[in-house]
Amino acid sequence: MARVINFSAGPAVLPEEVLRQAAEEMLDWRGSGQSVMEMSHRGKDFMGIAAQAEADLRELMGIPADYKVLFLQGGASFQFEMVPINLLRGKPRADYVNTGVWGDKAIKAAKTFCHVNVAADAGDKGYTYAPAQADWRLSRDAAYVHYTANETIGGVEFNWVPETGDVPLVCDMSSNILSRPVDVGRFGLIYAGAQKNIGPAGLTIVIVREDLVGQAQPKPPAMLDYKTHVDAESMYNTPPTYGIYIAGLVFQWLKRQGGVAAVEQKNIEKARVLYDYLDSTDFYRNPVAPADRSRMNVPFTLKDPALDADFLKGAEERGMVQLKGHRISGGMRASIYNAMPLAGVQALVDYMKEFAAARG
Ligand SMILES: *Cc1c(COP(=O)(O)O)cnc(C)c1O
């Protein structure tokens, strides 16, 4: 069996240990005689799996007791809608920061529900930086402030948490959750689709401060109301059971790695190896302001785009896949989430050097 080195932005690489464990437990989960996929979500076995996953996530992120953790479906895109539906709380306005494709999509979705004040927009420099808080124009009566912690396509990441006083801070953390420690207490709500840095697509994690739940005005349909899911402990309807199980295995794996702070050190090293090489050559280029470069998604272009196809073909021959950039931005993108080992990044840099030497 040969596994590729997978630089996909999502669904993305998972730790091999996790996949092996899932394979081992596929037909018979711990003597239960069934696969997790076949279990009732209300049975003792699955309830235990879900409770353990939540406990481990709480431990890894240091989630305070007054925050609820929800395992939902619908992806981050569904949260683009659920956030305004639930958090406007009768207020007419919300503040959004636009740092790229995902920030922009969140804004477009929110506009259906309220007046969006774009407090900062990095479009003046092609979405290649994270606007400093001093340049944000927050409104006084905003229901919440929304930003995207890591722009998965543009490769722009906030390495700081905005300060919004009493106004709840809402964060799309889809592509960098669990890659670095964050102080959850600074946020009103955090959401993340699982398929970037956690597990399979189909699971979405929402972490919400208790006092923000049940305040929606007007009262939303049940499925769209966080309160429904909080009251039912994410079992109002059938949750994405297998996704929760795999996420739970990933949380256990993260704990074995030493937790989020230890994984952050590995992520810093992986990103350093790749950016150091990018900065050392004119053959490749990353457009993002150095202070705001993503540790998770590294877009880069070749000096001559006519070489792109050959670059990708050579990469594939060496077992490196999904390096083609997003269709919006072109060029290349290497996603190097938690589960990407340093050796994978080193293999990429070795190949980039070889290619530049041959074609430069
Ligand atoms: C992938 C991604 C999304 C969209 O996720 P879906 O699960 O496809 O809805 C939103 N925001 C960010 C930052 C992402 O990386």
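Residues numbered from 1 in each chain as written. Predicted model: local features only at pLDDT ≥ 70, side-chain atom pairs only at ≥ 80, totals over all residues. Heavy atoms only, no water.

A. View of the overall build of the chain. Counting secondary structure elements, the chain contains 9 helices and 14 strands. Taken over C-alpha atoms, the radius of gyration comes to 21 Å for the chain, in line with the 21 Å a tight globule of 360 residues would show. Sequence separation of 24 or more characterises 66% of the internal contacts of the chain that already satisfy a separation of 6 or more. Of the roughly 15,500 Å² that the chain leaves accessible, carbon and sulfur atoms contribute 51%. Separation between the mean location of the 38 positive side-chain charges and that of the 42 negative ones in the chain comes to 2 Å. (Helix = DSSP H or I, 4+ residues; strand = E, 2+ residues; numbered from the N terminus. Rg over C-alpha atoms; globule rule 2.2 N^0.38 Å. Contact = heavy atoms within 4.5 Å. Areas by Shrake-Rupley, 256 points an atom, 1.4 Å probe, with all protein chains shown as cover. Lys, Arg positive; Asp, Glu negative; His and termini not counted. Charge placed at Lys NZ, Arg CZ, Asp CG, Glu CD.)

B. Molecular detail of the site of the ligand. In the vicinity of the ligand there are 13 residues, among which Ser77, Thr152, Asp172, Gln195 and Lys196 approach most closely. The separation between an oxygen atom of the ligand and a polar main-chain atom of alanine 76 is 3.2 Å. Taking threonine 152, its side chain carries an N or O atom lying 2.4 Å from an oxygen atom of the ligand. In terms of residue count, helix α3 (residues 75-87) provides more of the shell around the ligand than any other element does, 4 residues in total. Across the shell around the ligand, the residue classes break down as 3 nonpolar, 8 polar and 2 charged. (Near = heavy atom within 4 Å. Polar contact = N/O pair within 3.5 Å; in protein donor to acceptor, adjacent residues only side chain to side chain. Nonpolar A, V, L, I, M, F, W, Y, C, P; charged D, E, K, R; others polar.)

C. The arrangement of unusual backbone geometry in detail. Cis geometry is found at the peptide bond from glycine 10 to proline 11, where omega equals -10 degrees. Of note, the phi angle at arginine 89 is positive, near 50 degrees, even though the residue is not glycine. In this fold, arginine 89 is placed in the loop between α3 and β3 (93-98). We note that tyrosine 127 has phi near 55 degrees; this positive angle belongs to a residue other than glycine. In this structure, tyrosine 127 sits in the loop between β4 (115-121) and β5 (145-148). Since its relative accessible area comes to 28%, tyrosine 127 is described here as partly exposed. (Buried < 20%, exposed > 50% of the residue type's maximum accessible area, 1.4 Å probe, protein only.)

D. Looking closely at the domain arrangement of the chain. Taken as a whole, the chain is organised into domain 1 (5-15 + 258-359) and domain 2 (30-256). For domain 1 versus domain 2, the separation of C-alpha centres amounts to 26 Å. Counting residues at the interface gives 31 residues for domain 1, matched by 31 residues for domain 2. Summing the contributions of domain 1 and of domain 2, the shared interface buries around 2,400 Å²; its carbon and sulfur component is 57%. Of all residues in domain 1, the largest losses of buried area upon contact with domain 2 belong to Val260, Asp292 and Asn338, amounting jointly to 24% of the total for that side. Counting the contacts that link domain 1 with domain 2 gives 17 residue pairs in polar contact (both at pLDDT 80 or more). (Domains from an automatic or database assignment. Buried area = accessible area lost by both parts, 1.4 Å probe.)

E. Summary view of the pairing of strand β9 (residues 189-193). With 5 of its 5 residues buried, β9 lies for the most part within the structure. Here β9 shows a buried face lined by Leu189, Tyr191 and Gly193 and a second buried face lined by Ile190 and Ala192. Bridge count for strand β8 (residues 169-172) against β9 is 3 bridges, and the pairing is parallel. Residue pairing for β9: aspartate 172 is matched across the bridge by tyrosine 191. Of the pairings in the sheet, the one linking β9 to strand β10 (residues 204-209) comprises 5 bridges and is antiparallel in character. (Pairing = 2+ DSSP bridges.)

F. Seen up close, the packing of aromatic side chains. Across all of its chains, the model carries 17 aromatic pairs by this definition. On the numbers, 5.3 Å between centres and 90 degrees between planes, the contact of phenylalanine 311 with phenylalanine 355 is edge-to-face. Taken as a pair, phenylalanine 311 in helix α8 (residues 308-317) and phenylalanine 355 in helix α9 (residues 342-359) lie far apart in primary sequence, 44 residues in all. Taken individually, phenylalanine 311 and phenylalanine 355 each receive the classification buried, so the pair is uniform in this respect. Taken together through their ring pairs, the aromatic side chains of Tyr277, Phe283, Tyr284, Phe300, Phe311, Tyr351 and Phe355 make up a single cluster. Sitting over the face of the ring of tyrosine 129, lysine 125 holds its NZ or CZ atom 5.0 Å from the ring centroid. (Phe/Tyr/Trp six-rings, centres within 6.5 Å; stacked < 30°, edge-to-face > 60°. Lys NZ or Arg CZ within 6 Å of the ring centre and 35° of its normal.)

G. Up close: the sheet that holds strand β11 (residues 284-285). The antiparallel open sheet is built from 3 strands, whose spatial order is β11-β12-β14. Unpaired on one side and paired on the other, β11 and β14 (332-335) mark the two borders of the sheet. Taken together, the 4 bridges between strand β12 (residues 297-302) and β14 define a ladder with antiparallel strand orientation. Following the sheet pairing, phenylalanine 300 is matched in β14 by methionine 332.

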